[in-house]
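Secondary and tertiary structure notes
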Amino acid sequence: KKHGRGCSGSLGRLMHPLVRDLYKRILRVGRDYPAGVNFVREKAKAKFAENSHLRDELEIKRAIAYGRYMVREMVGVIKLRKYRTMKQRYYA
């Protein structure tokens, strides 16, 4: 049996494919997040556990839409950090 990163365990097989994709996307974006990937992973795990009771397809899609919005917000924070770093290095 393979252990390690990702959702390869029994939970990964039970997860809705869009939910699994969102989780992977969050972790991928979390690599560059200013607070670090561990912070992002813990927050994502908590939020996914909070929504694990959802069974209705419409509610799942709403939660996924909110998650994608949060990914876009994280990307915005990352871009802002990179811009500020660049500005500080070259224009200060």
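Use the structure listed above.
The following refers to the structure shown. Only a predicted model underlies this, so the values are computations on that prediction, with no experimental measurement involved. (Residues numbered from 1 in each chain as written. Predicted model: local features only at pLDDT ≥ 70, side-chain atom pairs only at ≥ 80, totals over all residues. Heavy atoms only, no water.)

Observations concerning the overall build of the protein chain
This is how it is decided: In DSSP terms, a helix is any run of H or I states spanning at least four residues, a strand is any run of E spanning at least two, and both are numbered starting from the N terminus. Summary of the burial criterion: residues with accessible area below 20% of their type's maximum are buried, those above 50% are exposed, and those between are partly exposed, where the area comes from a 1.4 Å probe applied to protein chains only. When checking whether two residues touch, look at their non-hydrogen atoms; a contact exists if any pair is within 4.5 Å. Areas reported as accessible are Shrake-Rupley estimates using a 1.4 Å probe. Residue values count occlusion only from the protein chains shown.
Within the protein chain, the secondary structure is distributed over 4 helices and 0 strands. Helices and strands in the protein chain line up, N terminus first, as α-α-α-α. Burial status across the protein chain gives 20% buried among its 92 residues. The contacts in the protein chain between residues at least 6 apart in sequence include a share of 60% that link residues at least 24 apart. Summing over all exposed atoms, the protein chain offers an accessible surface of approximately 7600 Å²; the carbon and sulfur share of this is 54%.

Section: the nonpolar core
Rules: Here the nonpolar core consists of buried residues drawn from Ala, Val, Leu, Ile, Met, Phe, Trp, Tyr and Cys, with membership extended through side-chain atoms lying within 4.5 Å.
Counting residues in hydrophobic clusters, the biggest one holds 9 residues: Leu22, Tyr23, Ile26, Val29, Val40, Ala44, Val71, Met74 and Ile78. If you list the elements that add at least two residues to this core, you get helix 2 (17–30), helix 3 (37–50) and helix 4 (57–91). Filtering out sequence-adjacent residues up to four positions away, methionine 74 remains in contact with Ile26, Val29, Gly30, Tyr33 and Val40. By size, the runner-up hydrophobic cluster in this structure holds 5 residues, among which are Val19, Leu54, Ile60 and Ile64.

Some remarks on helix 2
Cut-off, in case you're wondering: Multiplying one less than the number of residues by 1.5 Å gives the expected span of a helix. Directions pointing from the helix axis toward each C-beta atom define the arc.
For helix 2, spanning 14 residues, the distance from its first C-alpha to its last is 20 Å, which sits close to the expected 20 Å at 1.5 Å a residue. Of the positions making up helix 2, those classed as buried are Val19, Leu22, Tyr23, Ile26, Val29 and Gly30. Down the axis of helix 2, the buried set is contained in an arc of 135 degrees. They therefore lie on one face. Packed against the buried residues of helix 2 are helix 3 and helix 4.

Comments concerning the environment of arginine 25
Within the element layout of this structure, arginine 25 appears in helix 2. When its relative accessible area of 30% is taken as the criterion, arginine 25 is described as partly exposed. Beyond its immediate stretch of four places on either side in the chain, arginine 25 contacts Arg68 and Val71.

Quick notes on the packing of helix 2 against helix 4
For clarity, the threshold we go by: Here the axes come from fitting lines to C-alpha atoms, over the contacting stretch only for helices, and the angles between their N-to-C directions go from 0 to 180 degrees. Geometric relationships in this document are graded by angle, where less than 35 degrees denotes roughly parallel, more than 145 denotes roughly antiparallel, 65 to 115 denotes roughly perpendicular, and other angles denote oblique. The hand of a helix crossing depends on one turn: near helix anticlockwise from the far one by less than a right angle means left-handed, and clockwise means right-handed. Only Asp, Glu, Lys and Arg are considered charged in this grouping, and only Ala, Val, Leu, Ile, Met, Phe, Trp, Tyr, Cys and Pro are considered nonpolar; every other residue, Gly among them, is considered polar.
Direction vectors running N to C along helix 2 and helix 4 enclose 10 degrees, while the axes themselves pass 10 Å from each other. By the angle class used here, helix 2 and helix 4 are roughly parallel. As for how helix 2 packs across helix 4, the hand of that crossing is left-handed. Residues Leu18, Val19, Asp21, Leu22, Arg25, Ile26, Val29 and Gly30 of helix 2 pack against Ile60, Lys61, Ile64, Gly67, Arg68, Val71, Met74, Val75 and Ile78 of helix 4. For the contact of helix 2 with helix 4, the class distribution of residues is 11 nonpolar, 2 polar and 4 charged.

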